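Chain by chain, the residues run as shown.
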Amino acid sequence: MEMQKGKGGAAGGGGGKLLLSTLLDAKDELEERLERCVGIVTSLTNGLSEREANDALNAHICKGTPQHEEICLGLFTLVLTEPTQAQKCYRDLALVSRDGMNIVLNKINQILMEKYLKLQDTCRTQLMWLLRELVKSGVLGADGVCMTFMKQIAGGDVTAKNIWLAENVLEILTEQREWVLKSSLLIAMAVYTYLRLIVDHHGTAPLQALRQKEVDFCISLLRERFMDCFMIGRDLVRLLQNVARIPEFEQLWKDIIHNPQVLSTQFTGVLQLLQSRTSRKFLACRLTPDMETKLLFMTSRVRFGQQKRYQDWFQRLYLSTPDSQSLRCDLIRYICGVVHPSNEVLSSDILPRWAIIGWLLTTCTPWLCCALDPLGSAFPASPSSSSRPFALRAVQILDASKSNVAASNAKLALFYDWLFFNPEKDSIMNIEPAILVMHHSMKPHPAITATLLDFMCRIIPNFYPPLEAHVRQGVFNSLTHIVEKRVLAHLAPLFDNPKLDKELRAMLREKFPEFCSSPSPPIEVKIEEPVSMEMDNHMSDKDDSCYDNAEAAFSDDEEDLNSKGKKREFRFHPIKETIVEEPVDITPFLDQLDESLKDKVLQLQKGSDTEAQCEVMQEIVDQVLEEDFDSEQLSVLASCLQELFKAHFRGEVLPEEITEESLEESVGKPLYLIFRNLCQMQEDNSGFSLLLDLLSELYQKQPKIGYHLLYYLKASKAAAGKMNLYESFAQATQLGDLHTCLMMDMKACQEDDVRLLCYLTPSIYTEFPDETLRSGELLNMIVAVIDSAQLQELVCHVMMGNLVMFRKDSVLNILIQSLDWETFEQYCTWQLFLAHSIPLEAIIPILQHLKYKEHPEALSCLLLQLRREKPSEEMVKMVLSRPCHPDDQFTTSILRHWGLKHDDLLAEHIKALLIKNNSLPRKRQSLRSSSSKLAQLTLEQILEHLDSLRLNLANTKQNFFSQTPILQALQHVQASCDEAHKMKFSDLFSLAEEYEDSSSKPPHSVFPPISPPPPPRRHRCADFQTRDVNKGVSTKGWG
């Protein structure tokens, strides 16, 4: 089917045969290259018969790989630009291609991802024709091209070109059904794509006809290959909810809920599907490459506060029509599930995800109206609730407009991962945006926060009543994980905020008492026995309304009430999550193992105790080390071990009480036998590399194995002095890099077990100094999670010589990095630094980076350390080089302290700096040698700080400014400075004038003077105090 002008939009355009362009556009490099390839093919085949042309092409290809690529790309381009020759060129291409069309497939994907919007209409039509031919020929990799085509079908877009694309891809998938059924991923991707598109296709007769084709296609695949579609995960349910009113899907819903075995014997019900996380590749497939590029640009390059024009630009392109409102759900799911910024981006001023989602939500026209009932479309109702039993639940909102539905569905998309959240399987990044939208909207837009909180409460009983208990647990898990991961330190300020109305706050206290502050002063709580944690457990509205009694306990040392009747302060112990062990199924892997290995794995599965499992595990390791072992089985074996020993990777690794016996017991796990055998081998042993390969396969399937290896090497006596084995392990992994592997493993350890992180820290810093001391990456991981007791423990390790966390050559850079960290993290960093014996001169240049409003933590720590030091000239120089600001008291405070403790030394340094800066030409000041290239000390800066110090000392008896070096320096500066400076610092220079007057008077004694008479200090202080009063300068409060 060709894309006609009426059907496909504006035909043709300016530019070459391949791409549209304007006179202002530069020639596209890809198009130029493809045209050169066409020229080569044309020059080789002009005037020749078909056989001669084929021989000429083959002869050229034989010259080498570049020539092969030229001919393939030339014929490919002719297929796109010359429809009349397409059949012949494709035949030639199939004959001459020697890589299974790989070059052509890659180029098609590149054009689809990067150039599709600029393609001429003829080329789009031919590209679709070429896809059809590739599929007919069964070319390996054509399914990937087909999925890239589907990615270009935009959601919420019913323009002619987009409908043409959706219709033609569907035709190919329908006609070549047998080919489609060979690829599980293609089945799932096609169902996900067209289930989403069905919602947009309604109204006109052509759209209704297309919609029916899409319905038939999706239903047939869902019924015949349901377990292939199952890989989509919980978002399959979300899409099926949106189409549940269509008769074919109503019947499907009946089977899903009441008779799941009809669809597949492996399918147990809708809960199984809802507990399965949706892979990011499905969430990403519903955004076109152009949308994806623009979103990624906003989340990685645009600064917060400068996003409006980019958002307007995006809205103008993709969200400006009523039909496009359904796209908001796709965007929100993509941002939550795919855009996971690095820690560096999260700590920067780049536009955060929550801000984009807040914009997407609030630009739905009836956004706030939907707060009346935020549930949008929820789950199909039970058969007894409606004459149409499996239609979507009716929603009572203001009207049934598309925008209302879009707003409701957008909220569901935002909270969707919350409903069945499992910390073991789901990522904190998927649930973080929703809580941050609510948190950051509370002050400027409390109505938005209220709407989302209301939705969160109401979705629990309304999403699907039979699964209410599971939804409640999922939301509870989400909130618990948010607090544990310190996304928000506490939820009470959000849930019990005075800006929320009383009804909503009461509902939040009822639904989530564990996270709300107490509505009344706490009174004595008696806990007689722990209450089992039931999903529908309702807490008492009385004394313990703020706590969850499930496994709650209070510390024994706080039981006595104050005799004066003050309220008791309780220490609350967080609820321990109950882990439900699921039966391990390794059947799919067993058939791929040799019989002997298969038997041992089965023995391992049936092993009743650790000792028996260890014996079998040793036998498995011995078999792996045999000469005739097939190394291709390592991956399958790793999959089996990962499944069998899931329990190894749950809970805390480090014993509660650390003793030699408890450590040895903790490393006696069956899986650790691989580590033990590695430690007993020489690196040149062939078995050594085999075991590393096995660990590498395990690492791909279970990344926690990395920090478990580190723990074994630290804790086991058998591994004493073998920590370097970790480096061999890191190089054997796919990462292949010690630094990357180490940081990833320590990050995983930080997320799972902070005690273990602290236990490993001394060894990691000692054994891998080049990887740990050159940047602050590991240090930031540590200080982000430790508490005060763990900080004190690390400080002790440093002072006992067991731990070195800073090196003189890199400490400055690390401290500069730490300026962007949280307050407690910075204080921890400075405490650890001060525990080292690094001279303060090594880090004093950091002063050039510190701003008094932005870096109070570093300034206060540095100030307290400087007061313990004798001032050196470099220190004084750095202190004086800070900009002088009335609110920044740092320089004045330390100068005042030094003036009291080391007045003579400080005076000499200031004199030297004044004379040096006064005599240096202004244009060469930036070239002065200094330990900091940022130091830009000027004469005016010194005088400003000295004048501030003079005012500060005005009401004291301190005689700092009566010292000879200071007065001599001021006299020297006054003699050469301009009139503007003399006027600005007249009070300061007047001290020098008095010194000049007193030193020029002839001696009254006939005896030669032994030394100059001491200046009348008290008189001078009184004198310039009087001058300040006469000049109208109040000195009250400066002392």
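Residues numbered from 1 in each chain as written. Predicted model: local features only at pLDDT ≥ 70, side-chain atom pairs only at ≥ 80, totals over all residues. Heavy atoms only, no water.

A. Region of the structure containing the overall build of the protein chain. Tallying secondary structure elements over the protein chain gives 53 helices and zero strands in all. The buried share of the protein chain, taken over its 1039 residues, is 52%. Residue pairs in contact within the protein chain that sit at least 24 positions apart in sequence constitute 73% of those at least 6 positions apart. About 49,200 Å² of surface is accessible on the protein chain, with carbon and sulfur atoms providing 51% of the total. (Helix = DSSP H or I, 4+ residues; strand = E, 2+ residues; numbered from the N terminus. Buried < 20%, exposed > 50% of the residue type's maximum accessible area, 1.4 Å probe, protein only. Contact = heavy atoms within 4.5 Å. Areas by Shrake-Rupley, 256 points an atom, 1.4 Å probe, with all protein chains shown as cover.)

B. How the structure looks around helix α38 (residues 738–752). Between its first and last C-alpha, α38 extends 21 Å over 15 residues, near the 21 Å set by a 1.5 Å rise per residue. Those residues of α38 not exposed but buried are L738, H739, C741, L742, M743, D745, M746, A748, C749 and Q750. Where α38 is buried, its residues contact α35 (686–701), α36 (705–715), α37 (725–732), α39 (754–767), α40 (769–772) and α41 (777–783). (Expected span 1.5 Å × (residues − 1).)

C. Quick peek at the packing of aromatic side chains. Within the structure shown, the criterion is met by 25 aromatic pairs. Taking the centre distance of 5.7 Å and the plane angle of 45 degrees together, the rings of Y726 and F729 count as tilted. Here the residue Y726 and the residue F729 both occupy positions in helix α37, the gap between them amounting to three residues, near one helical turn. Of the residues examined, Y726 reaches a relative accessible area of 0% and is grouped as buried. Aromatic rings pair up to connect Y699, Y726, F729 and F768 into one cluster. (Phe/Tyr/Trp six-rings, centres within 6.5 Å; stacked < 30°, edge-to-face > 60°.)

D. Structural view of the side chain of R124. Residue position: R124 is located in helix α7 (residues 121–136). In this structure, R124 is buried with no salt-bridge partner, the nearest side chain bearing the opposite charge being D121 at 4.5 Å. Looking at R124, its side chain comes within polar contact range of the main-chain oxygen of L117, at 3.3 Å. (Lys, Arg positive; Asp, Glu negative; His and termini not counted. Salt bridge = Lys/Arg side-chain N within 4 Å of Asp/Glu carboxyl O. Polar contact = N/O pair within 3.5 Å; in protein donor to acceptor, adjacent residues only side chain to side chain.)

E. Spatial organisation of the side chain of N430. Mapped onto the elements of the fold, N430 is located in helix α24 (residues 428–441). A distance of 3.1 Å separates polar atoms of two side chains, one belonging to N430 and the other to H340.

F. Focus on the nonpolar core. F249, W418 and F495 are the most contacted members of the largest nonpolar core, which has 174 residues in total. Among the elements that make up this core, the one with the highest residue count is helix α11 (residues 184–198) (eleven residues). Once residues lying within four places of it in the same chain are set aside, the contact partners of F495 are L453, M456, L479, L500, R505, L508, F512, F515 and C516. Core analysis: the second largest hydrophobic core is formed by 141 residues, F645, F675, L678 and L694 among them. (Core = buried A, V, L, I, M, F, W, Y, C linked by side-chain atoms within 4.5 Å.)

G. Structural context of the pattern of salt bridges. Evaluation of the coordinates by the stated rule reveals 42 salt bridges. A salt bridge links K717 to E660, with the shortest nitrogen-to-oxygen separation between them at 3.3 Å. Placement of K717 in the loop between α36 and α37 and of E660 in helix α33 (residues 660–666) is noted, with a sequence separation of 57 residues between them. Here K717 and E660 have matching classes, each one exposed. The shortest N-O distance in the salt bridge between D809 and R807 comes to 3.3 Å.

H. Examining the confidence of the model for the protein chain more closely. Looking at the protein chain as a whole, the pLDDT averages 80, with 82% of positions reaching at least 70. Under a pLDDT of 50 for its full length, residues 366–401 has, in the predicted model, 94 contacts with residues more than four places off or in other chains. The low-confidence segment residues 922–935 (pLDDT under 50) makes 27 contacts with residues lying over four places distant or belonging to another chain. (pLDDT = per-residue confidence, 0-100.)

I. Summary view of the packing of helix α42 (residues 788–799) against helix α44 (residues 823–835). Close contact between α42 and α44 brings their axes to 9 Å; oriented N to C, the two are set at 20 degrees. As summarised for this structure, α42 and α44 are arranged roughly parallel, according to the angle between their axes. The handedness of the crossing between α42 and α44 is right-handed. Facing S788, L791, L794, V795, V798 and M799 of α42, the residues of α44 in contact are F824, C828, Q831, L832 and A835. (Axes fitted to C-alpha atoms, helices over the stretch in contact; angles between N-to-C directions. Parallel < 35°, antiparallel > 145°, perpendicular 65-115°, else oblique. Left-handed = near helix turned anticlockwise from the far one by under 90°.)

J. Examining the packing of helix α34 (residues 672–679) against α35 more closely. Closest axis-to-axis distance for the α34/α35 pair is 10 Å, and the angle between their directions is 150 degrees. Regarding the angle of α34 to α35, the classification is roughly antiparallel. Our pair here, α34 against α35, has a crossing hand that is left-handed. Contacts between α34 and α35 pair I674, F675, N677 and L678 from the former with F688, L691, L692, L694, L695 and L698 from the latter. Counted by class, the contact of α34 with α35 contains nine nonpolar, one polar and no charged residues. (Nonpolar A, V, L, I, M, F, W, Y, C, P; charged D, E, K, R; others polar.)

K. A look at unusual backbone geometry. Its identity as a non-glycine residue notwithstanding, M101 has a phi of 70 degrees, on the positive side. For M101, the location among the structural elements is in the loop between α5 (86–96) and α6 (102–114). The backbone of R486 sits at a positive phi, close to 65 degrees, despite the residue not being glycine. Here R486 lies in the loop between α26 (468–484) and α27 (492–495). By relative accessible area, which is 47% here, R486 ends up partly exposed.

L. Quick peek at the environment of Y416. Mapped onto the elements, Y416 comes out in the loop between α23 (402–415) and α24. Excluding anything up to four places from it in sequence, Y416 contacts R234, D235, V237, R238, Q241, L274, R333 and F463. At a separation of 3.0 Å, a polar atom in the side chain of Y416 contacts the main-chain carbonyl oxygen of R234.

M. Fine view of the environment of E468. For E468, the location among the structural elements is in helix α26. Judged by relative accessible area, E468 falls into the partly exposed class, the value being 24%. The sequence separation of E468 and L419 amounts to 49 residues, and the corresponding C-alpha distance is 9.6 Å. Those residues in contact with E468 that lie beyond four places of it in its chain are I460 and P461.

N. Geometry of the environment of C37. Relative to the elements of secondary structure, C37 occurs in helix α2 (residues 29–45). Residue classification places C37 among the buried positions, given a relative accessible area of 3%. Taking the C-alpha atoms as reference, C37 lies 9.4 Å from F76; in sequence the two are 39 residues apart. Excluding anything up to four places from it in sequence, C37 contacts E70, L73 and G74.

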